[in-house]
Amino acid sequence: MKIIVRPARPEDAELLAEADRHVPRERMEKLVSDGFVLAAFSGDSFAGWLRYGLFWDGIPFMNMLFVLEEYRGNGIGTALVREWERLAAENGYDTVMTSTQANEASQHFYRKMEYRDLGGFTPFGEEFEIIMGKRL
């Protein structure tokens, strides 16, 4: 299976908006046009995405990493994160961050990718959120 990770294109915005229900369609279009979304494909099939922003306006912060269920376990999440880290470094950033809830298995995925716990907080009515970061 050939994995392709690339910046999302305007023609991907509708598909991404349908898949990522956390962001309204208009906002997704803006994020795509501003280069804050990566799309992953397994061959010609859409397989997942990574959406990010800037924490404190200066640190790339991964807001969403999602691989469609039928493509999980094939290295697509790792490929998305690696490309995001590469682009961040290429653009002069030396640190990236993300977060995950303490009851989610994704924390172990990030630790395998050399992210370390930086702290956390408990949003109202939610599980403990672990803030994680990595020096590039």
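As shown above, the structure is provided for reference.
The present account deals with the structure reproduced in this document.

Definitions and limits used
- Residues numbered from 1 in each chain as written.
- Predicted model: local features only at pLDDT ≥ 70, side-chain atom pairs only at ≥ 80, totals over all residues.
- Heavy atoms only, no water.
- Buried < 20%, exposed > 50% of the residue type's maximum accessible area, 1.4 Å probe, protein only.
- Helix = DSSP H or I, 4+ residues; strand = E, 2+ residues; numbered from the N terminus.
- Pairing = 2+ DSSP bridges.
- Contact = heavy atoms within 4.5 Å.
- Polar contact = N/O pair within 3.5 Å; in protein donor to acceptor, adjacent residues only side chain to side chain.
- Phe/Tyr/Trp six-rings, centres within 6.5 Å; stacked < 30°, edge-to-face > 60°.
- Lys NZ or Arg CZ within 6 Å of the ring centre and 35° of its normal.
- Expected span 1.5 Å × (residues − 1).

## Looking at the pairing of strand E7 (residues 129-135)
Now for step 1: Burial of E7 is extensive: six of the seven residues sit out of reach of the surface.
Now for step 2: Both strand E5 (residues 95-101) and E7 contribute to a ladder of seven bridges, which runs antiparallel. Paired with Val96 across the two strands is Lys134, which belongs to E7.
Now for step 3: Pairing analysis gives five bridges linking strand E6 (residues 116-121) to E7, with the strands arranged antiparallel.

## Some thoughts on the environment of Arg51
Now for step 1: Among the structural elements, Arg51 can be located in strand E3 (residues 45-55).
Now for step 2: Residue Arg51 is classed as buried on the basis of its relative accessible area of 8%.
Now for step 3: Spatially, the C-alpha atoms of Arg51 and Gly92 are 19 Å apart, while their sequence positions differ by 41 residues.
Now for step 4: In this structure Arg51 touches Asp20, His22, Val23, Met28, Leu31, Phe36, Val37, Phe61, Met62, Asn63 and Met64, once residues within four positions along its chain are discounted.
Now for step 5: Looking at Arg51, its side chain comes within polar contact range of the side chain of Asp20, at 2.7 Å.

## Considerations on the packing of aromatic side chains
Now for step 1: What the rule picks out here adds up to nine aromatic pairs.
Now for step 2: An aromatic cluster is present here, built from Phe41, Phe46, Trp49 and Phe66 joined pairwise through their rings.
Now for step 3: The ring of Phe66 carries the charged tip of Arg72 above its face, separated from the ring centre by 5.1 Å.

## Looking at helix H3 (residues 76-90)
Now for step 1: Across its 15 residues, H3 extends 21 Å between first and last C-alpha, which sits within 8% of the 21 Å expected from 1.5 Å per residue.
Now for step 2: Buried within H3 are the following residues: Ile76, Gly77, Leu80, Val81, Glu83, Trp84, Glu85, Leu87 and Ala88.
Now for step 3: Looking at the residues trailing H3, positive phi occurs at Gly92, about 90°.

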